[in-house]
Amino acid sequence: MVILVANCISYDGHMSVLPIYTYGAPVLRKKARPVKQVTDEIVKLVVDMFETMHKANGIGLAANQVGSPVRVIVIDVSEMEEMKDVKPLTLINPQIVHQTGMWVMEEGCLSIPEVRDDVERAESITLRYKDSNFHDLELEVGGMLARVILHEIDHLNGVLFIDHLSPEKKKIHADRLKQIQRGEMEVSYPVTTAVDVTV
Ligand SMILES: [Zn+2]
């Protein structure tokens, strides 16, 4: 069976749900390296990332979050009523070339379960990236989709949404963050915790 994923990747192999690395895992702090060509390995990564993101009910996932520090992001916001017509996106080597405006909205992250807080981000962005065929594309988006893209690009740079919070606000989440670091969490999707990777 050939499965068509975002941007027309055709793939006839097995799809896997990968464990998501959680807060404290060193790979989340690594700056991901650019992709030089779309190898079979990258295609498999993209397909597995979509499978993993859907399983976790996420709307965006960066490769760091599944333990692969390469500049690959998958996004699918079509479950959200107001964005049901937005096609899933695979962004390889994404770069923000322009951004304007600022707005605040509450964010969460599959790597930081049960922590949510307001983050200020650009309202609209212009983005250059390569799709899964390694074609250069430019995209202008705003609102929620821009926010998701900026959150995921942060991941590729080793930045988490909690890094945008003031020290006072970060303090509110300190206990929970420590729990996550110790692997104390209940989530409905497979995870690799900091304890798993540092032992
Ligand atoms: Zn995240």
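Refer to the structure presented above.
Values in this document were obtained by computation on a predicted structure and should not be read as measured data. (Residues numbered from 1 in each chain as written. Predicted model: local features only at pLDDT ≥ 70, side-chain atom pairs only at ≥ 80, totals over all residues. Heavy atoms only, no water.)

### Considerations on the coordination of the zinc ion
As a reminder, the rule being used: Each metal site lists N, O and S donors within 2.8 Å (3.2 Å for Na, K and Ca). With water left out of the atoms, a site can look as if it is missing ligands. Note on exposure labels: buried denotes an accessible area under 20% of the residue type's maximum, exposed denotes more than 50%, and partly exposed covers the range between, all computed with a 1.4 Å probe on protein chains only.
The zinc ion binds to the protein through Cys109 (SG), His151 (NE2) and His155 (NE2); the donor distances cover 2.1 to 2.2 Å. Since its relative accessible area comes to 1%, His155 is described here as buried.

### Let's talk about helix H2 (residues 143-156)
Basically, it comes down to this: Helix and strand definitions here come from DSSP, where helices need a minimum of 4 consecutive H or I residues and strands a minimum of 2 consecutive E residues; each element is numbered from the N-terminal end. By this rule the span expected of a helix is its residue count minus one, scaled by 1.5 Å.
Taking 1.5 Å per residue as the helical rise, H2 with its 14 residues ought to reach 20 Å, and the 20 Å between its terminal C-alpha atoms agrees with that figure. The element H2 is extensively covered by neighbouring structure, given that 13 of its 14 residues are classed as buried. Backbone geometry just after H2 places Gly158 at a positive phi near 75 degrees.

### A word on the packing of aromatic side chains
To keep it simple, the criterion reads: Note on aromatic contacts: the rings of Phe and Tyr and the six-membered ring of Trp form a pair at centre separations within 6.5 Å, being stacked when their planes are under 30 degrees apart, edge-to-face when over 60 apart, and tilted otherwise. Lysine NZ or arginine CZ positioned within 6 Å of the ring centre and within 35 degrees of the ring normal marks a charge as sitting over the ring.
Scanning the model with the defined rule gives zero aromatic pairs in all. Taking the ring centre of Trp103 as reference, the NZ or CZ of Arg147 above it sits at 4.4 Å.

### Some remarks on the nonpolar core
Counted only if it meets this: Buried Ala, Val, Leu, Ile, Met, Phe, Trp, Tyr and Cys residues that are joined via side-chain atoms within 4.5 Å together make up what is termed a nonpolar core. We call two residues in contact whenever any of their non-hydrogen atoms come within 4.5 Å of each other.
Among the nonpolar cores identified, the biggest contains 21 residues, and Ile73, Ile75, Leu91, Ile125, Leu145 and Ile149 are the most heavily contacted of them. At the level of elements, strand S5 (72-75), strand S6 (89-107), strand S7 (117-130) and H2 are the ones that each hand at least two residues to this core. In terms of residues, this core owes the most to one element, H2, which gives eight residues. If we ignore the near neighbours within four places in the chain, the residues touching Leu145 are Ile75, Val77, Met83, Val86 and Leu89. Grouped together as the second largest cluster of nonpolar side chains are 19 residues, Ile20, Val35, Met53 and Val74 included.

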